[in-house]
Amino acid sequence: MTPRSRLRVPTGPQTPRPDGGPTPAPAPAGAPRPDLALVRRARRMHRILTERHPDAHCELDHSSPLELLVATILSAQCTDKMVNQVTPALFARYPSAEHYAAAEREELEELIRPTGFFRAKTSSLIALGAALTERHDGQVPRRLAQLVKPPGVGRKTANVVLGNAFGVPGITVDTHFGRLSRRFGWTASEDPVVIEQEVGALFPRRDWTMLSHRVIFHGRRVCHARRPACGACPLRGPGLCPSSGIGESDPVRAQALVKGPSPGGSSPTGSSTTGPAGAAE
Ligand code: SF4
């Protein structure tokens, strides 16, 4: 089988969309500007994360916007690694929105069963195929407002697709991004839309997509939910992460907690996914 190509987000500045696309979760009019010291600290932390995770990217294998949209729907409550095991056969069997719309329910359920919640996900994929076929000529729309309409597609999924398939900067607030943003002191909110607004205000719009990948990479590999590896984290120390020390501080024991390759490595493990279903949607 010919290996499928993997779309990656460019690391350099992105050109604005020709149609002047959406700015996801814009800050409300009159919202206060973020504190300058916080902006500087956040950007310094991002630079360190950029060095620590030079290979940060979307870990869902795909070769088209539709494939990424489907993979992101399947990633709810499932690891990216498992999704990537299921999708080659799925994408070969259902190459277009029309194919999902016309799918035999039992057959589709069997194909995606390993990803969990397969009945609900099957309903979402069939409805998604129908919606794209009826309203968008079978294509994935490039606008957030249109992308979030099909069932099973919320802001998180839409931002993953916009950022990685269309180059439209977007912040993906999954379970890792929300947790780390609070630990970093970038926000105090638990609300994904508020997190998107508050963190987005700290960074240039062009950085939003790669910032999301780097923070999520860090959450998967170093700053775990239960046992953050503070002693092996480049963000520990004064003036950086205010939560430094909440996890294992001993450098040797902390290093043992780190998942994935060493800094600068290039073969990340798909150790977890874009987060619990609906965590950010
Ligand atoms: S210092 Fe600790 S809490 Fe802060 S980002 Fe690193 S691992 Fe997470």
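Keep in mind the model is a prediction, meaning the values are calculated, not measured. (Residues numbered from 1 in each chain as written. Predicted model: local features only at pLDDT ≥ 70, side-chain atom pairs only at ≥ 80, totals over all residues.)

Looking now at the site of the ligand. Of all residues adjacent to the ligand, which total 14 residues, the nearest are Cys-223, Pro-228, Cys-230, Cys-233 and Cys-241. Partitioning the shell around the ligand into residue classes produces 9 nonpolar, 3 polar and 2 charged. (Near = placed C-beta within 6 Å. Nonpolar A, V, L, I, M, F, W, Y, C, P; charged D, E, K, R; others polar.)

Bringing unusual backbone geometry into the picture now. Not every positive phi belongs to a glycine, and Gln-77 is a case in point at roughly 60°. Tracing the sequence through the fold places Gln-77 in the loop between helix H2 (65-74) and helix H3 (80-93). Owing to 17 C-beta atoms within 10 Å, Gln-77 belongs among the partly exposed residues under this scheme. Despite not being glycine, Asp-137 shows a phi value in the positive range, around 55°. Take Asp-137: it is sitting in the loop between helix H6 (118-136) and helix H7 (144-147). Residue class for Asp-137 comes out exposed when judged on the 9 C-beta atoms lying within 10 Å of it. (Helix = DSSP H or I, 4+ residues; strand = E, 2+ residues; numbered from the N terminus. Buried ≥ 20, exposed ≤ 12 C-beta atoms within 10 Å, placed from the backbone.)

Right, let's get into the packing of H2 against H3. At a closest axis distance of 10 Å, the pairing of H2 and H3 adopts a crossing angle of 135°. Here H2 is positioned oblique relative to H3, judged by the angle of their axes. The chirality of how H2 crosses H3 is right-handed. Listed contacts from H3 to Glu-67, Ala-71 and Leu-74 of H2 are Val-83, Val-86, Thr-87 and Phe-91. Considering only residue class, the contact of H2 with H3 consists of 5 nonpolar, 1 polar and 1 charged. (Axes fitted to C-alpha atoms, helices over the stretch in contact; angles between N-to-C directions. Parallel < 35°, antiparallel > 145°, perpendicular 65-115°, else oblique. Left-handed = near helix turned anticlockwise from the far one by under 90°. Contact = placed C-beta atoms within 7 Å.)

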